Amino acid sequence: MVSVNSDGKIMLRRCFITSLRPFRIFLLGIGFFTLCFLMTSLGGQFSATHFGDSPFTARTEVMGTVESRGVLRKISDMLELITKRMDMLARLENGSDLRKGDELVHYSSVDSLQAAGLMEKIQAIAQNVSEISAKVDQILRNSVLKEKVTDNRRDQCDVPKNPRYPECSEKVEWMRARWSSDPCYAFYGVDGTECSFLIYLSEVEWFCPLLPWRNQTVLPSLKPAKLQAAFRNDLSSLLDLIGSGKESLIFMKKRIRRLSAQWLLAAQNLEQKLMGRWRDQKRILVHIGFLTEESGDVFSPRVLKGGPLGEMVQWADILAALFMLGHSLKITVSLKELQSSLGVPPGRGNCPLTEPLSFDLIYTDYHGMQQMKQHMGLSFKKYRCHVRVVDTFGTEPAYNHEEYATLHGYRTNWGYWNLNPQQFMTMFPHTPDNSFVGFVSEELNMTEKQSVMMNKVSNMAVVYGKDASMWKGKEKFLAILNKHMEIHGTVYYESQRPPEVPPFVKNHGLLPQQELQQLLKKAKLFIGFGFPYEGPAPLEAIANGCIFLQPRFEPPHSSLNHDFFRGKPTSREVSSQHPYVEHFIGEPHAWTVDYNNSKQFEDAVKAIMRTKVEPYLPYEYTCEGMMERLHAYIQHQVQHPL
């Protein structure tokens, strides 16, 4: 009985100690893991200068807080608790060692050695943590002191008095009062302190000198290597660049695709003329402002309803010419795309761009230029020499110069941009002040010309007017024309509302461009009613063998006496519906008469029926002529704002 009880007690103690040893190891593991976790968490509150630095490396760059010291104290407390528990386990085990057998004594001695080793490691870690805590405490005190000094310096910046920066104090005053008026200032680090104003005004804008205590190291700006522009032999990539989603874009793509063969031939001819001469490839942003939603996009809904298409014809041809010349294009038709392409900071547009302009040239219109000025801040003035304004009717210097326009009454909604007048690019050569960029008409080859001349219907007339409103008040001379010729129209109408045109007019409705070309190839006469002014259709008609008949204006129309021109930045007098064909083409291809004189009008109609002409297109309105002109502007025209 006694031996059994003794054996049972020995077995019980062995079971207790054996089960206690894994628990002790488990407890030590949990403690050590917790220690590592806390030390890692502590390391996240420090920032070392070098990527490979340990989070516990004591450096002067440490930016800690009071919480860091709290973490270190928690580590020390936990290590102390782990040590106390280890001591308790050791005493419990030693108390039972007196009654163990030889085998139990052997195991106990091994466990005691292991425990002693672990205790030494934990005590060493505790000592290290205690030392680190003292060092960190000292670093944090130094860091807080340094931050206070820096903050005092940031809050005590004085406005420098430098004669080279006379506007500095005025701009600082403005920033004090209105720095929160636009989120873009906060984007650049302005926080309401005097120093943040001066940092912004000296490093983002340029109204104040650089602060002496700021790091003034400027990295050299790497200019992209110049590339040679190579003539392209395919337009498919351009069609992808233009995109879709708007009727106006679809119209432009159809036009480019229809004239693709002529563009390719023109590129080959111009390449032979230049004989491999070096041409810089330009990075060009094309922003068509009148197609953006912000400007109303008035053209897209009217493309399929007979609205004016002259601007879209010109833009389609400019895109094709720039692309075939081999330049790198970025096309935008929304304000969001424009802001992204330019690098506009978030906000209301008062701040400069976030980085230097990445485009050599920007082709836009008046709508686009207004959007750029609104969102580019001071950068618009800095980069305005890069802008080329596609301006149908032109801008005269008197309207362009802001001070002169203000003093002499020439200020309009579309003028006073202070550009070089040659930066405005017109549809027709109105004036040598601006640059004539033009557009393209379809050019017939010799075989096509002969076919057109053989199939002309001598008594067939097509009216230049796709909108029903253009026909109002024209009944008198239409009746005279009807006595001699069959009249055709291309007036847009909806099925439930026929257009208000005379019953003797054969109306084809709004025709696709290709079908309109076929109609012009048959017609003898293309007659204008006086509006629209200076569109592309008369040149297209003349290129298809028609004679163009138009009204003479007495007195000439201008911004001084006609609503259409009022507000436009030009005082040019328009003597007829299309002055270019009147003065640069003339008879027999273009006739200009007084429509109020019935006899003169009827005599002109009779003479036109007897006159034979060949299809005619001036060289400047061919694909090759337009490409040659744009090439010359891009490579040689150096513009400087006024």
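Position labels on residues start from 1 in each chain and follow its written sequence. The model is predicted, so local features are restricted to residues of pLDDT at least 70 and side-chain atom pairs to those at 80 or more, both for listing and for counting; the totals for chains, interfaces and linings are taken over all residues. Just so you know, side-chain values use all the structure's heavy atoms and leave hydrogens and water out.

1. A short note on the overall build of the chain
Assigned secondary structure in the chain consists of 22 helices and 13 strands. Taken over 642 residues, the chain has a buried fraction of 46%. Contact criterion: two residues are considered in contact whenever any of their non-hydrogen atoms come within 4.5 Å of each other. In the chain, the share of contacts with a sequence separation of at least 24, taken over all contacts with a separation of at least 6, comes to 73%. Accessible surface area values rest on a Shrake-Rupley calculation with a 1.4 Å probe, where residue burial reflects the displayed protein chains alone. Summed over all atoms, the accessible surface of the chain reaches about 33,700 Å², with 55% contributed by carbon and sulfur. Secondary structure is summarised from DSSP: a helix means a run of H or I of at least four residues, a strand means a run of E of at least two, and numbering begins at the N terminus for each. Exposure categories follow from relative accessible area, calculated using a 1.4 Å probe and restricted to protein chains: below 20% of the type maximum is buried, above 50% is exposed, and the middle band is partly exposed.

2. As for the side chain of Glu-540
Examined against the element boundaries, Glu-540 turns out to sit in helix α19 (residues 537–543). Given a relative accessible area of 7%, Glu-540 falls into the buried group. Aside from chain neighbours lying at most four places away, what touches Glu-540 is Arg-255, Ser-441, Gln-513, Gln-517 and Leu-520.

3. Here's the deal with helix α11 (residues 335–342)
Within α11, burial applies to Leu-335, Leu-338, Ser-341 and Leu-342. Down the axis of α11, the buried side of the element spans an arc of 130 degrees, and every buried residue falls inside it. Away from its buried face by more than 90 degrees, α11 exposes Lys-336 and Ser-340. Check the buried side of α11 and you find it contacts β1 (283–287), β2 (328–332), β3 (361–364) and α12 (366–376). Two residues or fewer past α11, Gly-343 is found with a positive phi of approximately 80 degrees. Here the arc refers to the directions that run from the helix axis out to each C-beta atom.

4. Examining the packing of aromatic side chains
Here a pair means two rings of Phe, Tyr or Trp (six-membered ring of Trp) with centres within 6.5 Å. Their orientation is stacked below 30 degrees between planes, edge-to-face above 60, and tilted elsewhere. Throughout the structure, instances matching the rule amount to 32 aromatic pairs. Relative to Tyr-200, the ring of Tyr-188 has its centre 5.9 Å away and its plane inclined at 55 degrees; by these criteria the two rings are tilted. Of this pair, Tyr-188 sits in the loop between α5 (183–187) and α6 (194–203) while Tyr-200 sits in helix α6, placing them 12 residues apart in sequence. The exposure class assigned to Tyr-188 is partly exposed, which follows from its relative accessible area of 23%. Residue classification places Tyr-200 among the buried residues on the basis of a relative accessible area of 1%.

5. Describing helix α10 (residues 310–324)
Helix span, as expected, comes to 1.5 Å for every residue beyond the first. Along its 15 residues, α10 runs 21 Å from first to last C-alpha, staying within 8% of the 21 Å computed at 1.5 Å per residue. Within α10, 14 of the 15 residues are buried, which leaves it mostly tucked inside the rest of the structure. Gly-326 occupies a position one or two residues after α10 and carries a positive phi of about 100 degrees.

6. Brief notes about the pairing of β3
Moving residue by residue along a regular strand, the side chains alternate between the two faces of the sheet. Of the two faces of β3, both are covered, the one formed by Leu-361 and Tyr-363 as well as the one formed by Ile-362 and Thr-364. Only strands that DSSP links by at least two bridges are regarded as paired with each other. Inspection of the sheet shows β1 paired to β3 by three bridges, in the parallel sense. Looking at β3, one finds that Ile-284 is bridged to Leu-361. In the sheet, β3 pairs with strand β4 (residues 387–390) via three bridges, with the strands oriented parallel. For Thr-364, the partnering residue across the bridge sits in β4 and is Val-389.

7. Notes on the sheet that holds β2
With parallel pairing, the six strands of this open sheet are ordered in space as β2-β1-β3-β4-β5-β6. Pairing within the sheet leaves two strands with one partner each, and these edge strands are β2 and β6 (435–436). With two bridges joining them, strand β5 (residues 424–426) and β6 adopt parallel strand pairing. From the neighbouring strand, Thr-426 faces β6, where its bridge partner is Phe-436.

8. Section: the pattern of salt bridges
We define a salt bridge as a contact between a side-chain nitrogen of Lys or Arg and a carboxyl oxygen of Asp or Glu at a distance within 4 Å. In this structure the tally under the stated criterion is 16 salt bridges. Of the charged contacts, one joins Arg-566 and Asp-563 as a salt bridge, the two residues approaching to 2.3 Å between their closest N and O atoms. One network of salt bridges, with partners in common, ties together Glu-173, Arg-176 and Glu-194.

9. Observations concerning the nonpolar core
A general feature of soluble globular proteins is that nonpolar side chains tend to end up buried together. The definition of a nonpolar core used throughout is a set of buried Ala, Val, Leu, Ile, Met, Phe, Trp, Tyr and Cys residues joined through side-chain atoms within 4.5 Å. Grouped together as the largest cluster of nonpolar side chains are 75 residues, with contacts concentrated most on Leu-238, Met-252, Trp-263, Tyr-363 and Met-627. With 11 residues, α10 is the largest single contributor of residues to this core. Listed in part, the 27 residues of the second largest apolar core include Ala-461, Val-463, Trp-591 and Val-593.

10. Looking at the packing of helix α9 (residues 260–274) against helix α22 (residues 623–636)
Close contact between α9 and α22 brings their axes to 8 Å; oriented N to C, the two are set at 50 degrees. Between α9 and α22, the angle is such that the two are oblique. For the crossing formed where α9 meets α22, the hand is right-handed. Contacts between α9 and α22 pair Gln-262, Trp-263, Ala-266, Ala-267, Asn-269, Leu-270, Lys-273 and Leu-274 from the former with Cys-623, Glu-624, Met-626, Met-627, Glu-628 and His-631 from the latter. Amino acids outside the nonpolar list (Ala, Val, Leu, Ile, Met, Phe, Trp, Tyr, Cys, Pro) and the charged list (Asp, Glu, Lys, Arg) are all regarded as polar, and Gly is one of them. Split by residue class, the contact of α9 with α22 holds eight nonpolar, three polar and three charged. Fitted lines through C-alpha atoms serve as axes, helices being fitted only where they are in contact, and the angles separating the N-to-C directions of these axes extend from 0 to 180 degrees. In these notes the angle categories are as follows: under 35 degrees is roughly parallel, over 145 is roughly antiparallel, 65 to 115 is roughly perpendicular, and the rest is oblique. If you view the pair so one helix is near and one far, a crossing is left-handed when the near helix is turned anticlockwise from the far one by less than a right angle, and right-handed when it is turned clockwise.

11. With respect to the state of the cysteines
Pairs of cysteine sulfur atoms within 2.5 Å are what we label disulfides. Applying the stated criterion across every chain yields a total of three disulfides. What pairs with Cys-168 in a disulfide is Cys-208, and their sulfur atoms sit 2.0 Å apart. An S-S torsion of about 105 degrees defines the bridge between Cys-168 and Cys-208 as right-handed. Taken as a pair, Cys-168 in helix α4 (residues 168–178) and Cys-208 in the loop between α6 and α7 (236–242) lie far apart in primary sequence, 40 residues in all. Just as Cys-168 is buried, Cys-208 falls in that class too.

12. Thoughts on the pairing of β4
Side chains of β4 alternate between two faces, with Val-387 and Val-389 and Arg-388 and Val-390 buried alike. Bridge count between β4 and β5: two bridges; the pairing is parallel. Considered in β5, the bridge of Val-389 is made with Phe-424.

13. Description of unusual backbone geometry
Residue Glu-554 is joined to Pro-555 through a cis peptide bond whose omega torsion reads 0 degrees. Here Pro-555 lies in strand β11 (residues 547–557). Following Glu-587, the chain continues to Pro-588 via a peptide bond in cis, the omega torsion being 10 degrees. By the element assignment, Pro-588 lies in the loop between α20 (579–585) and β13 (590–593). A positive phi angle is found at Tyr-416, which is not glycine, with a value near 50 degrees. Inspection of the secondary structure puts Tyr-416 in the loop between α15 (402–408) and β5. Non-glycine residue Asn-418 carries a positive phi angle of around 55 degrees. For Asn-418, the position within the fold is in the loop between α15 and β5. Assessed through its relative accessible area of 17%, Asn-418 is described here as buried.

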